[in-house]
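Structural description and commentary
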Amino acid sequence: MILPTSVLHIRIAEDGRKKFNLWIPILPLWLLVIAVMIVLAPLAIIAIIVLGKRGRLILAGPRLLALFWAMRGLQVRVEDGKDQVLIIID
Amino acid sequence: MLFGKKEQKTTGERQQILEMLASGKITVEEAEKLLSAIGEGSAGIGASKAVEPLKGIVQGKAKFLRVVVCEDDGEKVDIRIPMQLIRAGVKLGSLIPKGLQSKIDDSLHEKGMQFSLSDMKPETIEELIDGLSEFSIDVNDGGDKVRIFCE
């Protein structure tokens, strides 16, 4: 089971000092996206039936959502001497 | 006394090797070699049999792909990519229409990459990820280092 990503953490440090430290809660965004997807689901089902094989691309929506959720644990750290940029998706 | 000094020493060494294997300090193959060297084979239990229960622990599924680049001037890049992201990427990629997939394959071949996107299927990705659990690349060029491994 993939748990949704909940926080985006960005930290920038210069000369060993924290210059920028941001925690962005992204869980509310997913709640909004899921609500929109539920509303659009009947339309998507009709589109898949009408378009046939080409309608497969509509599945890209939920899979794209799964891709963002799968980013949980992604970490990028760049250090140059005492300067540091850290991005964590958790 | 049930065991002689020699047997006690061998048991201690055997335990030490298995502990090193469990903590990931040595590989299954290395443990097998070491166990063979201390005469585990002559004791009736083969070295392979001795390490068998630990194989599952040591060769557990990798959760992250790590890319670490260290430059001579102190610059360092450390990226940790979750395996789930690779799985999700392949699933999303499988939705790309076949005509477009072949165009992407052609472009990759033109760039010298012998890789076919159409071969990447969600059904086969687990096999690939299992294979990656012992994958490791170390490149040293003077002071610059690149390390790609799974953890």
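Numbers given for residues are sequential positions, taken from 1 along each chain in its written order. Note on labels: chains are lettered from A, ligands numbered from 1, in written order. Where totals are concerned, whole chains, interfaces and linings use all residues; where local detail is concerned, this predicted model gives features only for residues with pLDDT of at least 70, and gives and counts side-chain atom pairs only at 80 or more. Here the side-chain values reflect all heavy atoms present in the structure, with hydrogen atoms and water set aside.

Examining helix α2 (residues 60-69) of chain A
Think of it in three bands: residues with accessible area under 20% of the maximum for their type are buried, residues over 50% are exposed, and the middle band is partly exposed, with areas taken using a 1.4 Å probe on protein chains only. Only runs of H or I of at least four residues qualify as helices and only runs of E of at least two qualify as strands under DSSP, and these elements are numbered from the N terminus. Within α2(A), the full set of buried residues consists of A:Leu65, A:Leu67 and A:Trp69. On its buried face, α2(A) sits against α1 (27-51) of chain A together with α4 (83-93) of chain B. Here a residue-residue contact requires only that any non-hydrogen atoms of the pair lie within 4.5 Å.

What to know about the sheet that holds strand β1 (residues 64-70) of chain B
Read across the open sheet, the eight strands follow the order β2(A)-β1(A)-β4(A)-β3(A)-β2(B)-β1(B)-β4(B)-β3(B); overall the sheet is antiparallel. Two strands close off the open sheet at either side, each with one partner strand: β2 (17-25) of chain A together with β3 (136-141) of chain B. The average angle at which neighbouring strand axes cross in this sheet is 5°, direction not considered. Pairing geometry for strand β1 (residues 7-14) of chain A and strand β4 (residues 83-89) of chain A, over six bridges, is antiparallel. Paired with A:Ile12 across the strands is A:Val85, a residue of β4(A). Strand pairing is defined by DSSP finding a minimum of two bridges between the two strands. Only the stretch in contact is used when fitting a helix axis, every axis being a line fitted to C-alpha atoms; angles between N-to-C directions are given from 0 to 180 degrees.

Some remarks on a positive patch on the surface
Like charges are joined within 9 Å and nonpolar side chains (Val, Leu, Ile, Met, Phe, Trp, Tyr) within 5 Å, but only among residues with over 30% relative accessible area and no salt bridge; these make up the patches. Every accessible area reported is derived by Shrake-Rupley at a probe size of 1.4 Å, with residue values counting cover from the shown protein chains alone. Within this document, salt bridges are pairs made up of a side-chain nitrogen of Lys or Arg and a carboxyl oxygen of Asp or Glu, the two lying within 4 Å of each other. For the purpose of charge, His is not counted, nor are the chain termini; Lys and Arg are scored as positive and Asp and Glu as negative. Charge positions are represented by NZ for Lys, CZ for Arg, CG for Asp and CD for Glu. There is a patch of like positive charges on the surface, built from A:Lys53, A:Arg56, B:Lys98 and B:Lys121. Structurally, A:Lys53 is set in the loop between α1 and α2.

Some thoughts on the nonpolar core
Counting residues in hydrophobic clusters, the biggest one holds twelve residues: A:Leu8, A:Ile26, A:Trp30, A:Leu65, A:Leu67, A:Trp69, A:Ala70, A:Met71, A:Leu74, A:Ile89, B:Leu85 and B:Ala88. Sorting the residues of this core by element identifies α2 of chain A together with α4 of chain B as the ones contributing at least two each. Non-local contacts of A:Leu67, meaning those with residues more than four positions away in its chain, are made with B:Leu85, B:Ala88, B:Gly89 and B:Leu92. Definition of nonpolar core: a set of buried residues of the types Ala, Val, Leu, Ile, Met, Phe, Trp, Tyr and Cys, connected through side-chain atoms within 4.5 Å.

Quick notes on the pattern of salt bridges
Residues and elements named next belong to chain A. Following the criterion strictly, the structure yields five salt bridges over all chains and no others. Across the pair Lys-19 and Glu-14 runs a salt bridge, and its minimum N-O distance is 3.6 Å. Since its relative accessible area comes to 59%, Lys-19 is described here as exposed.

Let's talk about a negative patch on the surface
Taken together, the side chains of A:Asp15, A:Asp80, A:Asp83, B:Glu71, B:Asp72, B:Asp73, B:Asp141 and B:Asp144 define an acidic patch exposed on the protein surface. Topologically, A:Asp15 is positioned in the loop between β1 and β2. In this structure A:Asp15 comes out as exposed when scored by relative accessible area, which is 59%.

Things to note about the side chain of B:Arg87
Residue and element names in this part refer to chain B. Along the chain, Arg-87 turns up in helix α4. Overall, Arg-87 belongs to the buried group, its relative accessible area being 15%. What Arg-87 contacts, discounting residues up to four positions off in sequence, is Ile-125, Glu-126 and Ile-129.

Here's the deal with the packing of α1(A) against α2(A)
All names here are of chain A. At a minimum axis distance of 12 Å, the contact between α1 and α2 shows a crossing angle of 165°. Of the possible angle classes, the one that applies to α1 and α2 is roughly antiparallel. Viewed along their axes, α1 and α2 form a crossing whose handedness is left-handed. Here Trp-30, Val-33, Ile-34 and Met-37 of α1 lie close against α2, whose contacting residues are Gly-61, Pro-62, Leu-65, Phe-68 and Trp-69. Amino acid classes used here: Ala, Val, Leu, Ile, Met, Phe, Trp, Tyr, Cys and Pro are nonpolar; Asp, Glu, Lys and Arg are charged; the rest, including Gly, are polar. Within the contact of α1 with α2, the residues separate by chemical class into eight nonpolar, one polar and no charged. In what follows, roughly perpendicular refers to angles from 65 to 115 degrees, roughly parallel to angles under 35, roughly antiparallel to angles over 145, and oblique to any angle outside these ranges. A clockwise turn of the near helix away from the far one marks a right-handed crossing, whereas an anticlockwise turn of less than a right angle marks a left-handed crossing.

Details of the interface of chain B and chain A
One frequently used descriptor of interface size is the decrease in accessible area upon assembly of the parts. Taken together, the 19 residues of chain B in the interface contact 21 residues of chain A. Buried area between chain B and chain A, summed over both chains or domains, comes out near 1,700 Å², and the portion from carbon and sulfur atoms is 60%. Area buried by chain B at its contact with chain A is led by B:Arg80, B:Leu92 and B:Leu95, which between them contribute 33% of it. Scanning the region where chain B abuts chain A turns up zero salt bridges. Polar contact is the term for a pair of N or O atoms within 3.5 Å; when the atoms are in protein, one must be able to donate a hydrogen and the other to accept it, and sequence-neighboring residues count only if both atoms are side-chain atoms. Our enumeration of links across chain B and chain A arrives at six residue pairs in polar contact (both at pLDDT 80 or more). At the level of elements, β2 (75-82) and α4 of chain B are the ones that each hand at least two residues to the side of chain B that touches chain A. A breakdown of the residues in the side of chain B that touches chain A according to their chemical character gives ten nonpolar, four polar and five charged. Accessible area, probed at 1.4 Å, shrinks when two parts are joined; the buried area is that loss added up over both.

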